[in-house]
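Here's the letter readout for the chains.
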Amino acid sequence: MKTNIYFIHGWGFDFDFWKPVGEIIKEKKLFNSINYINLGFWGSEEKTFRINFDMKNVFVVHSYGLNWFLKNKIKCDVLINFCSAPSFLEFQKNKEIKKKMIGKMIVDLKKKPEIVLKNFYRNCGIKINKLEFKKMHLQRFLNSLEDLKNDKLNDDFKKLSCKIFSIFSCEDKIFEPSIKKIKLLENKNHNIFILKKLNHAFPLNKPQEASEMILRFIKR
């Protein structure tokens with residue numbers, strides 16, 4: 001069966017987030033097409049894409065990418081979800097702390113975006129030396145933070161009929177899952193994996209490991 005794979009990045013990144021993983025997967029020659037969806041935080045917004053339902057379609061999302069996927073009511077055969085849940089706050093270990101964190105980020109981002117973003121990337125396990133702010137779309141950053149604070153997409157998530165694999169890390173400083181709450185999402189179509197010693201930007205920081213996970217899930 002012919003298969004396409006689509007990658008959706010999370011808050012604060014662009015489609016380059018998934019490029020290292022995509023290049024590794026491309027070498028395997030398992031997919032008819034490898035597609036990257038850019039949500040427009042940096043540079044131009046490139047969200048237009050077509051899904052060929054005569055083929056199998058796999059979507060790989062990271063963080064806020066899950067919100068975007070659910071809101072656009074995308075139908076696919078397999079969803080692979082890194083570091084996210086249908087409600088960013090509800091499934092966190094420290095919900096109130098994260099809520100205050102997002103509120104502070106919204107206020108500070110308007111005044112000192114460089115400091116906010118450098119702190120965010122540092123908490124993701126990434127060192128950023130220079131940011132090209134002329135390519136930054138501040139309003140999209142702010143709107144998406146509001147989404148993360150307010151979105152409750154549990155019902156949309158439950159309606160998914162595809163096979164789902166979700167990967168979380170106990171040491172993720174951005175999305176630290178409440179194991180008890182996350183496990184409530186698990187069912188016969190949704191397998192959850194809780195890992196250790198991985199940060200929020202794990203797929204970017206360790207593309208070989210992330211690509212091997214993705215390929216194992218697809219084979220299953």
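Shown above is the structure to which this text applies.
Fair warning: this is a prediction, and the values are worked out from it, not measured in the lab.

### Remarks on the overall build of the protein
No. 1: Secondary structure assignment for the protein yields 9 helices and 6 strands.
No. 2: For a compact globule of 220 residues, the expected C-alpha radius of gyration is about 17 Å, and the protein comes in at 17 Å, within 12% of that figure.
No. 3: Projected onto its principal axes, the C-alpha positions of the protein cover 50 × 40 × 30 Å.
No. 4: Within the protein, contacts between residues separated by at least 24 positions form 72% of all contacts whose residues are at least 6 apart in sequence.
No. 5: Carbon together with sulfur atoms contributes 49% to the accessible area of the protein, which is approximately 11,600 Å² in total.
No. 6: Looking at the protein, you have 43 positive and 24 negative side-chain charges, and the mean spots of the two groups are 2 Å apart.

### Quick word on empty space enclosed by the protein
No. 1: According to the stated counting rule, one finds 2 cavities of 30 Å³ or more in the structure shown.
No. 2: In this structure, the largest cavity encloses a volume near 90 Å³.
No. 3: The set of elements that each furnish at least two residues to the lining of the largest cavity consists of helix H3 (95-111) and helix H5 (138-150).
No. 4: The leading source of residues in the lining of the largest cavity is H3, at 3 residues.
No. 5: Looking at the lining of the largest cavity residue by residue, the class counts come to 9 nonpolar, 1 polar and no charged.
No. 6: In this structure, the second largest cavity spans a volume of roughly 30 Å³.
No. 7: Around the second largest cavity, the lining residues are Cys 83, Ile 167, Phe 168, Ser 169, Leu 198, Asn 199 and Phe 202.
No. 8: Looking at which element gives the most residues to the lining of the second largest cavity, the answer is strand E5 (residues 163-169), with 3 residues.
No. 9: In the lining of the second largest cavity, the residues fall into 5 nonpolar, 2 polar and no charged.

### Considering the layout of surface pockets
No. 1: In this structure, the second largest pocket encloses a volume near 240 Å³.
No. 2: Taken together, Phe 69, Leu 70, Lys 73, Ile 74, Lys 75, Cys 76, Asp 156, Lys 159, Leu 160, Ser 161 and Cys 162 make up the lining of the second largest pocket.
No. 3: Class assignment for the residues of the lining of the second largest pocket results in 6 nonpolar, 1 polar and 4 charged.

### A few points about unusual backbone geometry
No. 1: A positive phi angle is found at Ser 63, which is not glycine, with a value near 55°.
No. 2: Here Ser 63 lies in the loop between strand E3 (56-62) and helix H2 (64-71).
No. 3: Relative accessible area serves as the criterion here: at 5%, Ser 63 is assigned to the buried category.
No. 4: A positive phi angle, near 65°, is found at Cys 83, a position not held by glycine.
No. 5: Topologically, Cys 83 is positioned in the loop between strand E4 (78-82) and H3.
No. 6: Residue classification places Cys 83 among the buried positions, given a relative accessible area of 5%.

### Describing the nonpolar core
No. 1: Trp 11, Phe 69, Leu 79, Ile 80, Phe 82 and Ile 214 are the most contacted members of the largest nonpolar core, which has 71 residues in total.
No. 2: Setting aside residues up to four positions removed in sequence, Phe 69 forms contacts with Ile 8, Phe 59, Val 61, Ile 74, Cys 76, Leu 79 and Leu 160.

### Comments concerning the pairing of E5
No. 1: The element E5 is extensively covered by neighbouring structure, given that 6 of its 7 residues are classed as buried.
No. 2: The pairing of E4 with E5 spans 5 bridges and is classified as parallel. In the sheet register, Asn 81 faces E5, and the bridge partner there is Ser 166.
No. 3: Looking at chain direction, E5 and strand E6 (residues 190-195) are connected through 6 bridges and run parallel. By the bridge assignment for E6, Phe 165 is matched with Asn 191.

The rules behind each value
- Residues numbered from 1 in each chain as written.
- Predicted model: local features only at pLDDT ≥ 70, side-chain atom pairs only at ≥ 80, totals over all residues.
- Heavy atoms only, no water.
- Helix = DSSP H or I, 4+ residues; strand = E, 2+ residues; numbered from the N terminus.
- Rg over C-alpha atoms; globule rule 2.2 N^0.38 Å.
- Contact = heavy atoms within 4.5 Å.
- Areas by Shrake-Rupley, 256 points an atom, 1.4 Å probe, with all protein chains shown as cover.
- Lys, Arg positive; Asp, Glu negative; His and termini not counted.
- Charge placed at Lys NZ, Arg CZ, Asp CG, Glu CD.
- 1 Å grid on protein atoms, 1.4 Å probe; cavity = no way out; pocket = protein on both sides within 12 Å on 5 of 7 lines; lining within 4 Å.
- Points joined across faces, edges and corners; volume = space filled by probe spheres on them.
- Nonpolar A, V, L, I, M, F, W, Y, C, P; charged D, E, K, R; others polar.
- Buried < 20%, exposed > 50% of the residue type's maximum accessible area, 1.4 Å probe, protein only.
- Core = buried A, V, L, I, M, F, W, Y, C linked by side-chain atoms within 4.5 Å.
- Pairing = 2+ DSSP bridges.

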